[in-house]
Amino acid sequence: QKEVEQDPGPLSVPEGAIVSLNCTYSNSAFQYFMWYRQYSRKGPELLMYTYSSGNKEDGRFTAQVDKSSKYISLFIRDSQPSDSATYLCAMSAPTSGSRLTFGEGTQLTVNP
Amino acid sequence: SQTIHQWPATLVQPVGSPLSLECTVEGTSNPNLYWYRQAAGRGLQLLFYSVGIGQISSEVPQNLSASRPQDRQFILSSKKLLLSDSGFYLCAWSVGLAGGGWGQFFGPGTRLTVL
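This report concerns the structure included in the present document. Keep in mind it's a predicted model, so treat the numbers as computed, not measured.

## Here's the deal with the interface of chain B and chain A
Listed by partner, the interface residues are 26 residues for chain B and 19 residues for chain A. Together chain B and chain A conceal approximately 1,800 Å² of surface at their shared face, both sides included; 54% is due to carbon and sulfur atoms. Across the chain B-chain A interface, the total number found is two salt bridges. The shortest N-O distance in the salt bridge between Glu104 of chain A and Arg42 of chain B comes to 3.3 Å. Our count for the contact surface shared by chain B and chain A stands at 12 residue pairs in polar contact (both at pLDDT 80 or more). Counting only elements with at least two residues in the side of chain B that touches chain A, the list comes to β4 (33-38), β5 (44-52), β9 (87-96) and β10 (102-106) of chain B. By residue number, the principal contributor to the side of chain B that touches chain A is β10 of chain B, which donates five residues. Among the residues making up the side of chain B that touches chain A, the classes are represented as 13 nonpolar, 10 polar and three charged.

Take a look at the structure:
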C-alpha cells in the first residue's frame, strides 16, 4: 500500500465550478502538507503549504487538513480555464528532513 | 532570489548512448538537491538526492547515476540508455518553510526520449 493515495482523475469541470482534490495518507508521522500545480511540460510549482489541521485559504484556493482522518483536500472556487493542470499532493514528517512523499497527481481540465 | 536551471530542455537519444543532464542552482548555498523522473501521466519518482558535495543517495536501482561536483551543481548520467529511461527529468532543491516543514522547488525539466 502506498503511503499517499490521491484521487486519480482525470477531472473535467465547467468554468466557475468548485473543484475538490483529495489525498489520503497512512503515515501518522506526516505533519507537513503541500499542494503542487504542474502545467503541461513544466516543473511543479508549490501552490499551498500547511502544517496544522483545519483550513488555510489563499485567494480562490483552500487547503484543508484532517489529521485525525489522515485526509487532505484542495478546494478551488470559481475555477478558471487557467487552473487546468495536474495537481499533486505532497507531505513529509519531521524525521524525513526535506524529502517529500508525493501523490500520483490528479489532472484537472476546466472547460470555458 | 533563488533560481534553478536545467539543460537541455529536450533530448532525443538512441538506445545504448550515454546521457548527461545538468542542474544548477543560483542564489543559495549548500542546498539539498533532488533528481526525479516523471513518466507520462504519472507521479514523481525520486531517483537521487544529495545533501552536499560528493554525497549522493540512490533511491531506485537502475542504470542511472548522479554526481555533485560543486555545491550548486547536480548531474544525472547514464553510460547506456534504455528505452525505459524515457521520461521527464526534474531537478529540485529544498527550502525550509514556516513551522519546520520543507518545500521543494523544481526546475523546468528535461524531456528525454530514447529511441
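On we go from here.
## What about the sheet that holds strand β3 (residues 19-26) of chain B?
All names here are of chain B. Strand order across the open sheet formed by four strands is β1-β3-β8-β7, with antiparallel pairing between neighbours. One side of each edge strand has no neighbouring strand; the edge strands of this open sheet are β1 (3-7) and β7 (64-70). This sheet shows a mean twist of 20° between the axes of neighbouring strands, independent of strand direction. Bridging between β7 and strand β8 (residues 73-78) involves five bridges; their strand directions are antiparallel. Considered in β8, the bridge of Gln70 is made with Gln73.

Rules and cut-offs
- Residues numbered from 1 in each chain as written.
- Chains lettered and ligands numbered in written order.
- Predicted model: local features only at pLDDT ≥ 70, side-chain atom pairs only at ≥ 80, totals over all residues.
- Heavy atoms only, no water.
- Contact = heavy atoms within 4.5 Å.
- Buried area = accessible area lost by both parts, 1.4 Å probe.
- Salt bridge = Lys/Arg side-chain N within 4 Å of Asp/Glu carboxyl O.
- Polar contact = N/O pair within 3.5 Å; in protein donor to acceptor, adjacent residues only side chain to side chain.
- Helix = DSSP H or I, 4+ residues; strand = E, 2+ residues; numbered from the N terminus.
- Nonpolar A, V, L, I, M, F, W, Y, C, P; charged D, E, K, R; others polar.
- Pairing = 2+ DSSP bridges.
- Axes fitted to C-alpha atoms, helices over the stretch in contact; angles between N-to-C directions.

Remember, this is a structural readout, not a statement about activity or role.
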